[in-house]
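What follows is the residue order along each chain.
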Amino acid sequence: MQFDTDPHPEIREAIFKLCDSFGLNYWLECDNDERFPTEFFAALREGGWTGIYFPQEFGGSGSSFTAAVTMIQAIAESGSGWTGGGSIHHYLFTPHPIVVYGTPEQKRRFLPPLAQGIERPCMALTEPNTGLDTTRLSTRALRSGDHYIMNGEKVWTTGAMIADRMLVLARTRPVQETPRPIDGLTLFYTAIDRRYVDVRPIKKHGYQANASCQVLINDLPVPVQDRIGEEGKGFRYLLDGLNPERVTAAAMAVGVGRFVVKKASVYATERVVFGRPIGQNQAVQLPLAQCWAELEAANLMVYKAAAMYDAGLPCGVEANAAKFLAAEAAQKACRQAMITHGGFGFAKEFHVERLLREIMIPVLAPVAQSLALCYIAERELGMPKSY
Ligand SMILES: Cc1cc2nc3c(=O)[nH]c(=O)nc-3n(C[C@H](O)[C@H](O)[C@H](O)COP(=O)(O)OP(=O)(O)OC[C@H]3O[C@@H](n4cnc5c(N)ncnc54)[C@H](O)[C@@H]3O)c2cc1C
């Protein structure tokens, strides 16, 4: 498989230029104040970036997935991390099942406001009692004439406080009545009508600018027209969007890692202790050089997976490997960057502590590191399925 790790230098340049107007203190303030980066998102929307991975006929720019990966990596790499990247992340994968499986009417109704950044999506998949075992989820949608009535509880739905619509997976047939647990699950893209949906932010470790939420769904009427594809096949449709989610998370992780390694290297060159720059000590240099090497190696897998996805090839193994490698490398890089900054690394004004908090996200989500490896063990190494 041919691929390039710098396929769109013009995108990187344009994004870095846009991000220059939003300094590191902007991201810190958004985090401190638990405030969505509205101004930054407006700049992305005005620049047409929200539509990067939407078809042109629905208002997008029809660029490749690799181009979208390049964009979100550059946003994270500017120093914004998840605080900036997370503001646009869902535009790159959540609507994808609509693009692939939606009816022409649904595409006309749903995609243009998303491509233009006028509407905000969120993804309500995870449930408190099922975790990674998604097929066991218990949110139900019962057909009643031209509507379904939905009841259930979702958790960690990021952006639900400010989203207009949610992509939500619900059971339309009890698991006991289906041949396999993946059957009987149906996908909807529907309005978050707050008369029936109670959204509560979760107090969390980092990424305070975009609330992750508990979502209580109580008799929500969902029009049949909001169902994506056939009833009972939703899990299969959703799978289409999961690999892009993993690859974009991996790309962001590499971006964060690159930023902190560069920042720590500059600090190590300028900070003088014992009469010389601390970076002159190999104990300071070598761990940062190793972090650089591990990040760039992970990045190869990121762009390989993206290229395979663009070519329409199965890329589950590569997407999981990219997510695993990038999360490990980036977490190590953030830790090493804080060590390099010494006590000052613990101070908010040096910005590394925010990124060290945020970098736990790709370690934990969208899928656990252990499950990413389980997938590789099964699909690539031919071992028995373990989950
Ligand atoms: C900041 C953040 C944002 C998120 N945003 C969203 C969102 O927008 N929408 C959404 O739907 N979800 C979201 N999530 C949820 C996320 O996708 C889940 O947390 C993740 O899928 C893991 O599920 P869980 O936390 O329930 O872990 P559990 O399923 O409870 O697993 C806990 C741990 O057990 C281990 N484990 C479990 N089963 C196995 C096994 N069979 N083999 C080996 N190890 C195993 C794993 O290491 C895992 O970390 C978000 C999470 C975070 C932290």
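Residues numbered from 1 in each chain as written. Predicted model: local features only at pLDDT ≥ 70, side-chain atom pairs only at ≥ 80, totals over all residues. Heavy atoms only, no water.

A.B. asks: Before we go on, may I ask you to explain the site of the ligand in this structure?
C.D. replies: Taken together, 18 residues form the shell around the ligand, and within it Met123, Thr126, Leu132, Trp156 and Thr158 come nearest. At 2.8 Å from an oxygen atom of the ligand is found a main-chain nitrogen or oxygen belonging to Leu132. Within the side chain of Thr158, an N or O atom sits 2.8 Å from a nitrogen atom of the ligand. Burial of the ligand by the surrounding chains reaches 65%, relative to a free accessible area of 980 Å². Listing elements by their share of the shell around the ligand, those giving two or more residues are β3 (147-158), α11 (360-364) and α12 (369-379). (Near = heavy atom within 4 Å. Polar contact = N/O pair within 3.5 Å; in protein donor to acceptor, adjacent residues only side chain to side chain. Areas by Shrake-Rupley, 256 points an atom, 1.4 Å probe, with all protein chains shown as cover. Helix = DSSP H or I, 4+ residues; strand = E, 2+ residues; numbered from the N terminus.)

A.B. asks: Whenever I open this one, the side chain of Lys154 confuses me. Can you help?
C.D. replies: By secondary structure assignment, the location of Lys154 is in strand β3. Note on Lys154: relative accessible area 0%, which makes it buried. Here the side chain of Lys154 touches Leu125 through a polar contact of 3.3 Å, landing on its backbone oxygen. (Buried < 20%, exposed > 50% of the residue type's maximum accessible area, 1.4 Å probe, protein only.)

A.B. asks: Honestly, the packing of helix α7 (residues 234-270) against helix α8 (residues 282-310) in this entry has me stumped. Any pointers?
C.D. replies: Axis angle and axis distance: for two packed helices, these are the angle between their axes and the distance between the axes, and together they describe the pair. Here α7 crosses α8 at 155°, and the two axes come no closer than 9 Å. Considered as vectors, α7 and α8 are oriented roughly antiparallel to each other. The element α7 and its partner α8 pack so that their crossing is left-handed. (Axes fitted to C-alpha atoms, helices over the stretch in contact; angles between N-to-C directions. Parallel < 35°, antiparallel > 145°, perpendicular 65-115°, else oblique. Left-handed = near helix turned anticlockwise from the far one by under 90°.)

A.B. asks: Looking at this structure, how should I read helix α1 (residues 9-20)?
C.D. replies: For an α-helix the count is 3.6 residues per turn, leaving residues at separations of three or four pointing the same way. Over its 12 residues, α1 extends 16 Å from the first C-alpha to the last, a length consistent with the 16 Å expected when each residue adds 1.5 Å. For α1, every residue scored as buried is listed here: Ile11, Arg12, Ile15, Leu18 and Cys19. An end-on view of α1 places all buried positions within 130° of arc, on one side of the element. For α1, exposure combined with an orientation more than 90 degrees from the buried face picks out Glu13, Lys17 and Asp20. Buried residues along α1 sit in contact with α3 (38-46), α4 (65-89) and α7. (Expected span 1.5 Å × (residues − 1). Arc of directions from axis to C-beta. Contact = heavy atoms within 4.5 Å.)

A.B. asks: Honestly, the domain arrangement of the chain in this entry has me stumped. Any pointers?
C.D. replies: Where interface size is given, it is often the accessible area lost as the parts come together that is meant. Parsing the chain into structural domains produces domain 1 (9-115), domain 2 (121-233) and domain 3 (236-379). Each of domain 2 and domain 3 was reduced to a C-alpha centroid, and the two centroids are 30 Å apart. Listed per partner, the contact involves 18 residues of domain 2 and 12 residues of domain 3. Overall, the association of domain 2 and domain 3 removes approximately 1,200 Å² of surface from exposure, summing both partners, and the carbon and sulfur fraction of that is 67%. Contact with domain 3 buries area across many residues of domain 2, yet Leu132, His205 and Lys233 alone supply 43% of it, more than any other trio. Where domain 2 touches domain 3, the interface holds one salt bridge. Notably, a salt bridge pairs Arg236 with Asp183, separated by 2.8 Å at the nearest N-O pair. Linking domain 2 with domain 3 are five residue pairs in polar contact (both at pLDDT 80 or more), by the criterion used here. Classifying every residue of the side of domain 2 that touches domain 3 by side-chain character gives nine nonpolar, five polar and four charged. (Domains from an automatic or database assignment. Buried area = accessible area lost by both parts, 1.4 Å probe. Salt bridge = Lys/Arg side-chain N within 4 Å of Asp/Glu carboxyl O. Nonpolar A, V, L, I, M, F, W, Y, C, P; charged D, E, K, R; others polar.)

A.B. asks: Explanation requested: the pattern of salt bridges in the structure shown.
C.D. replies: It is possible for side chains bearing opposite charge to pair when their charged atoms get close. Evaluation of the coordinates by the stated rule reveals 21 salt bridges. Two residues, Lys332 and Glu294, come together in a salt bridge whose shortest N-O distance is 3.0 Å. Of this pair, Lys332 sits in helix α9 (residues 316-341) while Glu294 is found in helix α8, placing the two residues 38 residues apart along the sequence. Lys348 is the salt-bridge partner of Glu353, the closest N and O atoms lying 3.4 Å from each other. Overall, Glu353 belongs to the buried group, its relative accessible area being 9%. By relative accessible area, which is 37% here, Lys348 ends up partly exposed. Through salt bridges with shared partners, one network takes in Glu105, Arg109, Glu119, Arg165 and Asp226.

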